[in-house]
Amino acid sequence: MIVCSCNVISCRQIKGTVAADGSGPRTAGEAYDCLGCSPDCGRCAREVRTLLAEARAACATQCHSCASREIECAVHVTVERMLEGIAIAEDAAAA
């Protein structure tokens with residue numbers, strides 16, 4: 001179901017910003033950042049917050065596998081991945 005008609009964002013995409021451990025965005029603005037866009041009219045903000053809360057609750061109480069990892073989000077970048085990126089950049093600069 002499309003939640004945001006301005007950016008054509010589905011409830012699956014919104015829920016997909018929440019990691020399997022329940023971490024991730026808590027506000028509509030943070031979810032939009034994860035999805036690479038920004039809210040336009042704001043009519044969907046309440047529904048987005050509700051979907052995020054539902055996804056976090058499901059992760060905390062169920063199988064911890066509800067999150068879709070189809071979306072690369074800055075909220076989910078791990079320290080290891082950040083360090084790998086720095087090492088690659090340093091190697092490229094040294095070459």
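Scoring rules and cut-offs
- Residues numbered from 1 in each chain as written.
- Predicted model: local features only at pLDDT ≥ 70, side-chain atom pairs only at ≥ 80, totals over all residues.
- Heavy atoms only, no water.
- Helix = DSSP H or I, 4+ residues; strand = E, 2+ residues; numbered from the N terminus.
- Buried < 20%, exposed > 50% of the residue type's maximum accessible area, 1.4 Å probe, protein only.
- Contact = heavy atoms within 4.5 Å.
- Disulfide = S-S within 2.5 Å.
- Core = buried A, V, L, I, M, F, W, Y, C linked by side-chain atoms within 4.5 Å.

1. Some words on the overall build of the protein chain
Argument step 1. Scanning the protein chain for helices and strands turns up 4 helices and 2 strands.
Argument step 2. The secondary structure elements of the protein chain, listed N-terminal to C-terminal, are β-β-α-α-α-α.
Argument step 3. Buried residues in the protein chain amount to 33% of all 95 residues.
Argument step 4. Summarising the internal contacts of the protein chain: among those between residues at least 6 apart in sequence, 63% fall at separations of at least 24.

2. Topic: unusual backbone geometry
Argument step 1. One non-glycine residue, Val 8, adopts positive backbone phi at about 50°.
Argument step 2. Residue placement: Val 8 occurs in the loop between strand S1 (2–4) and strand S2 (9–10).
Argument step 3. For Val 8, a relative accessible area of 54% corresponds to the exposed category.

3. Some points on the state of the cysteines
Argument step 1. Per the stated rule, a full pass over the model turns up 0 disulfides.
Argument step 2. Cys 44 provides the cysteine sulfur closest to Cys 4, a residue in no disulfide bond, and the two sulfurs are 4.0 Å apart.
Argument step 3. Here Cys 41 is not cross-linked by a disulfide; its sulfur's nearest cysteine counterpart is in Cys 6, at 3.7 Å.
Argument step 4. A residue is classified by how much of its surface remains accessible, and Cys 41, at 43% relative accessible area, is partly exposed.

4. Digging into the environment of Pro 25
Argument step 1. Tracing the backbone through its elements, the reader meets Pro 25 in the loop between helix H1 (11–16) and helix H2 (28–34).
Argument step 2. Note on Pro 25: relative accessible area 1%, which makes it buried.
Argument step 3. On a C-alpha basis, the gap between Pro 25 and Arg 56 in space is 9.6 Å, while along the polypeptide they are 31 residues apart.

5. As for the environment of Ala 20
Argument step 1. You can see Ala 20 is positioned in the loop between H1 and H2.
Argument step 2. Along the primary structure Ala 20 and Ala 58 are separated by 38 residues, whereas in three dimensions their C-alpha atoms are 9.3 Å apart.

6. With respect to the nonpolar core
Argument step 1. Membership of the largest hydrophobic core comes to 16 residues, with the highest contact counts inside it found for Val 3, Ile 9, Ile 14, Tyr 32, Cys 44, Val 48 and Leu 52.
Argument step 2. Counting residues per element, the ones that place at least two in this core are S1, H1, H2 and helix H3 (45–61).
Argument step 3. The biggest single contributor to this core is H3, with 5 residues.
Argument step 4. Apart from the residues within four sequence positions on either side, Tyr 32 is in contact with Cys 4, Asn 7, Ile 9, Cys 37, Ser 38, Pro 39, Cys 44 and Val 48.

7. Observations regarding the side chain of Ser 10
Argument step 1. Secondary-structure assignment places Ser 10 in strand S2.
Argument step 2. A relative accessible area of 15% means that Ser 10 is categorised as buried.
Argument step 3. With sequence-adjacent residues up to four places away left out, Ser 10 is seen in contact with Met 1, Ile 2 and Val 3.

Any functional reading would require information that these geometric values do not contain.
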